[in-house]
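Tertiary structure, described
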Amino acid sequence: MQALYAVQKCEDANFELALDHIEDIFTPDLNSMEVQDRALLKQNAKIAKKVFKSNFQSRQIKEEQDSNPEIRSAVSNALDFFHTNVKKDLSFIKKDMLEAVNTLLENYYLSLKLLEEFAELAKEDVEKRQKRLSDSGKQVFESELNLYKNKAIKIIRENDALQNEFTRFGTSWEDDKLDVQEWYRDILKKADFYKEYMLKNDPSFEEDVEVLDQITRQLILKSEAITNFMAERDLYWEENKSALKSMLKKSIKSLDDMTQHIELIELSANWEEDSEFFKNLFQETVVHNEEYEKIISDFAKNWATDRIAIVDMIILKMAVAEMLNFPSIPVKVTINEYIELSKNYSTQKSKQFVNGLLDKISISLEKEDRIKKSGRGLIDNK
């Protein structure tokens, strides 16, 4: 969905740039020795923009429209400019859409690795303090090693499957050590929950798990310094942050002192198959954008198309694309999935709006025999 939102925004930007392109063509040339008719140039620019607006969705100018060769040439150039940039953006966004999934997984493992890094820094911190105190014969409190000795972190540190994933994804903070040290010193050590944890004598396993949960929720996912770092790595950070929060919470809560188990989250059991689905859904929605928008507008009574929230429109188009082009997915499953999307990403009233509209659209498309399901797609679809 984020990718289609990006497509819409890029197309809007390219539209405005094409209009600017026309404006530039008819801007008086200050270096020209010839007298230029500024009023005529301004009028031609106005006409060219109007012709472009009525033809930008195609690559041709209607024959009956203005025959002025300068205007036709300017519009033709603007159309080429617009469609060339739209094509480039589509290619980039489609590729980036799949890379974003890998980035989410990388951030997941990077966050778990950060817990290890904080524990090591806690140990180094204690060792440095002990050196400074050794001459006076004083000792640091044993509780100051709580994070390093944290039994939940020990599971993370010694879990072979997780360490293999760190290796597979090249998960390391080596190049960002200074950032990690700063976060530890300026954020973690000053956090009230951490100070309380460091005063506990021999914390329980449950308390060890709880402090990791607080580090992820209050530091990794909330502190400005760390979220800015993550946002620089992830184009879709604002959308992916909630998914990352859920993934980390599930893994941390799964830590088991008896079995030394941690549940590692997989975004897909079959990524090759799912990535193909994502690409096809994206392609179908983009290619049939106008057709699906018309279907939606026909059922959105009392709602002008431009008054439907952009996110709702994208959700509705994706749902229609899925109904019409993926025979193995039941209609009810499609409707439920996109209702959930509307709850997570759109306005409070979107759930009812999307639900009601998709229900009407699906009934109409089934009557027209345009929805053709097979196999699993026939479940709950009678």
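Structural data are supplied above this passage.
Just so we're clear, the structure is a prediction, and the values are computed from it rather than from any experiment.

1. Re a negative patch on the surface
A cluster of acidic side chains, namely Asp-12, Glu-16, Asp-20 and Asp-24, defines a negative patch on the protein surface. Looking at where Asp-12 falls in the secondary structure, it is placed in helix H1 (residues 2-25). The exposure class of Asp-12 is partly exposed, given its relative accessible area of 35%.

2. Thoughts on the side chain of Gln-214
Following the sequence through the fold, Gln-214 ends up in helix H8 (residues 205-220). Of the residues examined, Gln-214 reaches a relative accessible area of 17% and is grouped as buried. Those residues in contact with Gln-214 that sit more than four places away from it in its chain are Phe-193 and Leu-219.

3. Points about the nonpolar core
If you look at the biggest cluster of nonpolar residues, it comprises 49 residues, and the most contacted ones within it are Phe-118, Leu-147, Leu-212, Ile-215 and Leu-255. Breaking this core down by element, the ones donating at least two residues are helix H3 (69-134), helix H4 (151-158), helix H5 (160-169), helix H6 (177-188), helix H7 (192-197), H8, helix H9 (224-233) and helix H10 (237-254). Setting aside residues up to four positions removed in sequence, Phe-118 forms contacts with Leu-147, Val-180, Trp-183, Tyr-184, Leu-188 and Ile-215. Counting 38 residues, the second largest nonpolar core, distinct from the first, contains Val-311, Ile-335, Ile-361 and Ile-371.

4. A word on unusual backbone geometry
Despite not being glycine, Asp-202 shows a phi value in the positive range, around 50°. Asp-202 gets classed as exposed once you look at its relative accessible area, which sits at 69%. The phi angle at Asp-369 is positive, at roughly 60°, despite the residue not being glycine. By relative accessible area, Asp-369 is classed as partly exposed at 47%.

5. Side note on H4
Within the sequence span of H4, burial applies to Ala-152, Ile-153, Ile-155 and Ile-156. The arc that holds every buried residue of H4, seen down its axis, measures 150°, which confines them to one face. Where H4 begins, one side-chain oxygen reaches toward the backbone nitrogen of Ala-152, 2.8 Å away; that side chain belongs to Asn-150.

6. Some remarks on the packing of aromatic side chains
Here the distance between the centres and the angle between the planes together describe a pair of aromatic rings. This structure, assessed with the given rule, holds 14 aromatic pairs. Ring geometry for Phe-277 against Phe-326: centres 5.0 Å apart, planes inclined by 65°, an arrangement best described as edge-to-face. Placement of the pair is Phe-277 in helix H11 (residues 271-287) and Phe-326 in the loop between helix H13 (310-325) and helix H14 (331-345), with a sequence separation of 49 residues. In textbook terms, an aromatic cluster arises when at least three aromatic residues are bridged by ring pairs, as seen for Phe-15, Phe-52, Phe-56 and Phe-82.

7. Comments concerning empty space enclosed by the protein
Enumeration over the complete set of coordinates arrives at 1 cavity of 30 Å³ or more. The volume enclosed by the largest cavity comes to roughly 40 Å³. Lining the largest cavity, in full, are Val-7, Cys-10, Glu-11, Asn-14, Val-86, Asp-89, Leu-90 and Ile-93. Among the secondary structure elements, those contributing two or more residues to the lining of the largest cavity are H1 and H3. A class-by-class count of the residues in the lining of the largest cavity yields 5 nonpolar, 1 polar and 2 charged.

8. A few points about the environment of Arg-157
Position of Arg-157 relative to the elements: it lies in helix H4. Relative accessible area serves as the criterion here: at 26%, Arg-157 is assigned to the partly exposed category. Considering only alpha carbons, one finds Arg-157 and Lys-113, 44 residues apart in sequence, at a separation of 8.7 Å. Setting aside chain neighbours within four positions, we find Arg-157 in contact with Glu-116, Ala-119, Glu-120, Tyr-148 and Gln-163. A distance of 3.4 Å separates a polar side-chain atom of Arg-157 from the backbone oxygen of Tyr-148.

About the thresholds
- Going along each chain's sequence as written, the residues are numbered from 1 onward.
- For this predicted model, a pLDDT threshold of at least 70 governs which residues receive local features, and a threshold of 80 or more governs which side-chain atom pairs are given and counted, while totals over whole chains, interfaces and linings are taken from all residues.
- Only hydrogens and water are removed before side-chain values are computed, so all heavy atoms of the structure are retained for them.
- Residues forming no salt bridge and having over 30% relative accessible area are the ones grouped into patches, like charges within 9 Å of each other and nonpolar side chains (Val, Leu, Ile, Met, Phe, Trp, Tyr) within 5 Å.
- Accessibility throughout is a Shrake-Rupley quantity obtained with a 1.4 Å probe, and a residue counts as covered only by protein chains that appear here.
- When a carboxyl oxygen of Asp or Glu is within 4 Å of a side-chain nitrogen of Lys or Arg, the pair counts as a salt bridge.
- Only four residue types enter the charge count: Lys and Arg as positive, Asp and Glu as negative, with His and the chain ends excluded.
- Taken as the charge centre is NZ of Lys, CZ of Arg, CG of Asp or CD of Glu, depending on the residue.
- Secondary structure elements are taken from DSSP: a helix is a run of H or I of four residues or more, a strand is a run of E of two residues or more, and numbering for both begins at the N terminus.
- Only protein chains enter the accessibility calculation, which uses a 1.4 Å probe. A residue is then buried if its area is under 20% of the maximum for its type, exposed if over 50%, and partly exposed in between.
- Pairs of residues are marked as contacts when any of their non-hydrogen atoms sit within 4.5 Å.
- Remark: nonpolar core denotes a set of buried residues (Ala, Val, Leu, Ile, Met, Phe, Trp, Tyr, Cys) joined through side-chain atoms within 4.5 Å.
- Summarising the geometry, the arc corresponds to the directions from the helix axis toward the C-beta atoms.
- Each polar contact in these results corresponds to two N or O atoms within 3.5 Å; when the atoms are within protein, one needs to be able to donate a hydrogen and the other to accept it, and residues that are neighboring in sequence are counted only if both atoms are side-chain atoms.
- Centres within 6.5 Å are what make two rings of Phe, Tyr or Trp a pair, Trp counting through its six-membered ring; a difference in plane orientation under 30 degrees is then read as stacked, over 60 as edge-to-face, and the rest as tilted.
- Cavity means a closed set of points on a 1 Å grid over the protein atoms alone, one where a 1.4 Å probe fits but cannot get out, pocket means an open set with protein on both sides within 12 Å along at least 5 of 7 lines, and lining means a residue has an atom within 4 Å of a point.
- Grid points are joined across faces, edges and corners, and a volume is the space filled by probe spheres set on the points.
- Following the grouping adopted for this structure description, the nonpolar residues are Ala, Val, Leu, Ile, Met, Phe, Trp, Tyr, Cys and Pro, the charged ones are Asp, Glu, Lys and Arg, and the polar ones are all others, Gly among them.

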